[in-house]
Amino acid sequence: MSVLKLSFDNLESPALKQCFSYCSAFKKDAMMERDDLIQLWMAQGFLHPSEKSNLEMEDIGNEYFDILFQRSLFQDARLDVDGIVIKCKMHDLIHDLAERVSETGSMMRDFHEDEDVATPIIERIPEGSSGKLRSLFLNAEALPGNMLPRFKALRVLKLYNAYFIEELPSSIEELKRLRYLGISFTNIERLPNSIGKLYNLQTLRATCRNLKEFPKDVQNLINLRHVYCYEETKFPAGVLGRLTSLRKLPYYYKDYKVKGREIEELAALNQLKGKLIICNLEDVRNGDEASKAKLEEKKKKASSRILSWKG
């Protein structure tokens, strides 16, 4: 352990050490997704670009991820087609070190066979701890609405393997400091309008098969930078263009059957990066509509662009 501790001590900055120690929030042998991990670091306030730099928080996060991988603190890499590491794990001994040096105030809980699964595990978190908790990774059968207001300091709420959760309580609005909300692979069919009061939210991971449309109040999430959803999940007319901080938008559906649903909503999204998929282009009526979306400008920032004429 002393040799491993030396590897930690040699990390250049306190922020990089915080990012490493935060990885202890994941279970041992868990596969960590690069972008997800960076967004979690971002939610905790670990990523601070200098005022003189053109780098964004995501850029700093990518640098930190690469450093930790190069120092062999991450392993079992999964690569994309370009040879970039997109997923990795931590060795058990490295995970033990991360737990030892962790001061993030995070908590990850899971159900075990000897526990009473009928009792929501969130109710068993001591009240003295809940008010200070900054991260909650939760595997549960339900998310009691009357319990959420206890977690005033929460910046990350990540549901995992929570297939039986069908509703996100309206009391989610009480989590004023929340920056990361992960509800993917739940059975949630609709989001409460109160989600629009999460003004500090940066990342919304809502890859839910039953979720067909975001509520209109999502337009109030002025700091939202990353959205993940299935392509069947739509934005109400006029909402997308209000989310001007977006860096990530996996899918955008062009649908002229909905009044006001114009491709030019994309024009205001000047921060988009990564992969941009635009579907149903057969419905675009003329070249002026396409030019209003400023697609050529977005091409310069996007790592890849997919245009589809068939939904």
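Report follows, based on the coordinates. (Residues numbered from 1 in each chain as written. Predicted model: local features only at pLDDT ≥ 70, side-chain atom pairs only at ≥ 80, totals over all residues. Heavy atoms only, no water.)

### Focus: the nonpolar core
Turning to step 1, where the next piece is worked out: By size, the foremost hydrophobic cluster in this structure holds 43 residues, and its most contacted members are Leu157, Ile172, Leu178, Leu181, Ile183, Phe214 and Leu246.
Turning to step 2, where the next piece is worked out: When residues of this core are traced back to their parent elements, those giving at least two are strand S5 (135–138) and strand S6 (156–159).
Turning to step 3, where the next piece is worked out: For Ile183, the residues in contact, after removing those within four places along its chain, are Leu159, Leu168, Ile188, Leu191, Arg205, Ala206 and Cys208.
Turning to step 4, where the next piece is worked out: With 37 residues, the next largest nonpolar core counts Tyr22, Cys23, Leu47 and Val101 among its residues. (Core = buried A, V, L, I, M, F, W, Y, C linked by side-chain atoms within 4.5 Å. Buried < 20%, exposed > 50% of the residue type's maximum accessible area, 1.4 Å probe, protein only. Helix = DSSP H or I, 4+ residues; strand = E, 2+ residues; numbered from the N terminus. Contact = heavy atoms within 4.5 Å.)

### Comments concerning the packing of aromatic side chains
Turning to step 1, where the next piece is worked out: Considering all chains together, one arrives at five aromatic pairs under this definition.
Turning to step 2, where the next piece is worked out: Taken together, a centroid distance of 5.7 Å and an interplanar angle of 45° make the contact between Phe8 and Phe20 tilted. Within this pair, whereas Phe8 is found in helix H1 (residues 2–9), its partner Phe20 is found in helix H2 (residues 14–22), the two being separated by 12 residues in sequence.
Turning to step 3, where the next piece is worked out: According to the relative accessible area criterion, Phe8 is buried, its value standing at 9%.
Turning to step 4, where the next piece is worked out: Between Lys17 and the ring centre of Phe8, over which it is positioned, the NZ or CZ distance is 5.6 Å. (Phe/Tyr/Trp six-rings, centres within 6.5 Å; stacked < 30°, edge-to-face > 60°. Lys NZ or Arg CZ within 6 Å of the ring centre and 35° of its normal.)

### Thoughts on the pairing of S5
Turning to step 1, where the next piece is worked out: The side-chain alternation of S5 yields two buried faces, one formed by Ser135 and Phe137 and the other by Leu136 and Leu138.
Turning to step 2, where the next piece is worked out: With four bridges joining them, S5 and S6 adopt parallel strand pairing. Of the residues in S6, the one forming a bridge with Phe137 is Lys158. (Pairing = 2+ DSSP bridges.)

### Things to note about the pattern of salt bridges
Side-chain pairs of opposite charge can arise where the charged atoms are in close proximity.
Turning to step 1, where the next piece is worked out: By the definition in use, this model includes 14 salt bridges.
Turning to step 2, where the next piece is worked out: One salt bridge connects Lys152 with Glu174, and the closest N-O pair in it is separated by 3.6 Å. On the criterion of sequence distance, the pair formed by Lys152 in the loop between S5 and S6 and Glu174 in the loop between S6 and strand S7 (180–182) is long-range, its members being 22 residues apart.
Turning to step 3, where the next piece is worked out: Among the charged side chains, a salt-bridge network with shared partners connects Glu33, Asp36, Lys158 and Arg205. (Salt bridge = Lys/Arg side-chain N within 4 Å of Asp/Glu carboxyl O.)

### Digging into the side chain of Arg205
Turning to step 1, where the next piece is worked out: Its place among the elements puts Arg205 in strand S8 (residues 203–205).
Turning to step 2, where the next piece is worked out: Arg205 sits in the buried class, given a relative accessible area of 9%.
Turning to step 3, where the next piece is worked out: Separated by 3.1 Å, the side chains of Arg205 and Gln39 make a polar contact. (Polar contact = N/O pair within 3.5 Å; in protein donor to acceptor, adjacent residues only side chain to side chain.)

### Points about unusual backbone geometry
Turning to step 1, where the next piece is worked out: Its identity as a non-glycine residue notwithstanding, Asp29 has a phi of 70°, on the positive side.
Turning to step 2, where the next piece is worked out: Along the chain, Asp29 falls in the loop between H2 and strand S1 (32–33).
Turning to step 3, where the next piece is worked out: Even without being a glycine, Asp76 presents a positive backbone phi close to 50°.
Turning to step 4, where the next piece is worked out: Within the secondary structure, Asp76 sits in strand S2 (residues 75–79).

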